[in-house]
Amino acid sequence: MEIKIQDIDHIREAAREFVENIGEARVFAFYGKMGAGKTTFVKAICEELGVDDVITSPTFAIINEYSLTSHLLPLTSKVFHFDFYRIKKLEEVYDMGYEDYFYSGALCFIEWPELIEEILPDDAVRVSIIEQEDGSRVVSY
């Protein structure tokens, strides 16, 4: 699937389309260069899902946990947002107990999954965000 984000004013529409197509998937790995809009898009997705918490980049915390207040996805009430940019060794991810998150049934949105590729679940949805020359973004998965 491919979603085009013309500009920041249209990101919520793109996030709504993404949410409508989540299906049974629970782990999403977001790939893209620095500044491609991964965090901004994940934030918009969380807002579309009904997260009332303040949604921020987990760059320093590595993981943020949000509560879902809507019933768009009835089998989960949590969203875990990861940013592995600062991970130096895979052992750090083992130490944080990644399995408890990835296999919990909660939604997991992962930024910089390249750094943990070997432990991503087989059914993780790989989402690519690519900035176009005109400044728009193409989200494909």
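The following paragraphs examine the structure supplied in this document. Every value quoted in this text rests on a predicted model; they were computed, and no experiment measured them. (Residues numbered from 1 in each chain as written. Predicted model: local features only at pLDDT ≥ 70, side-chain atom pairs only at ≥ 80, totals over all residues. Heavy atoms only, no water.)

**Describing the pattern of salt bridges**
Scanning all chains against the criterion turns up six salt bridges. One salt bridge in this structure joins Glu-47 and Arg-12, with 3.3 Å as the shortest N-O distance. In this pair, Glu-47 sits in helix H2 (residues 38-49) while Arg-12 sits in helix H1 (residues 11-20), placing the two residues 35 residues apart along the sequence. When its relative accessible area of 29% is taken as the criterion, Glu-47 is described as partly exposed. A salt bridge links Glu-48 to Arg-12, with the shortest nitrogen-to-oxygen separation between them at 2.7 Å. With Glu-48 in helix H2 and Arg-12 in helix H1, this residue pair connects regions lying 36 residues apart in the sequence. (Salt bridge = Lys/Arg side-chain N within 4 Å of Asp/Glu carboxyl O. Helix = DSSP H or I, 4+ residues; strand = E, 2+ residues; numbered from the N terminus. Buried < 20%, exposed > 50% of the residue type's maximum accessible area, 1.4 Å probe, protein only.)

**What to know about the nonpolar core**
Of all hydrophobic cores here, the largest spans 29 residues; its most connected members are Phe-18, Phe-28, Phe-30, Phe-41, Ile-45, Val-79 and Phe-109. Counting only elements with at least two residues in this core, the list comes to strand S1 (2-5), H1, strand S2 (27-31), H2, strand S5 (107-111) and strand S6 (125-131). Top element by residues in this core is H2. It accounts for six residues. Beyond its immediate stretch of four places on either side in the chain, Val-79 contacts Cys-46, Leu-49, Val-51, Asn-64, Glu-65, Tyr-66, Leu-68, Leu-107 and Phe-109. Formed by 21 residues, the second largest nonpolar core is a distinct cluster that contains Tyr-31, Phe-80, Phe-82 and Ala-124. (Core = buried A, V, L, I, M, F, W, Y, C linked by side-chain atoms within 4.5 Å. Contact = heavy atoms within 4.5 Å.)

**Looking at the sheet that holds S1**
Spatial strand order, S1-S7-S6-S2-S5-S4-S3: seven strands in an open sheet with mixed pairing. The sheet terminates laterally at S1 and strand S3 (63-67), the two strands that pair on one side only. Strand-to-strand twist across the sheet, computed as the mean angle between neighbouring axes with direction ignored, equals 20°. Taken together, the five bridges between strand S4 (residues 78-83) and S5 define a ladder with parallel strand orientation. Along S5, the bridge assignment pairs His-81 with Phe-109. Against the sheet, H1 touches S1, S2 and S6, its axis set at about 165° to S1. Packed on one face of the sheet, H2 meets S1, S2, S3, S4, S5, S6 and strand S7 (137-140) and runs near 165° to S5. (Pairing = 2+ DSSP bridges. Axes fitted to C-alpha atoms, helices over the stretch in contact; angles between N-to-C directions.)

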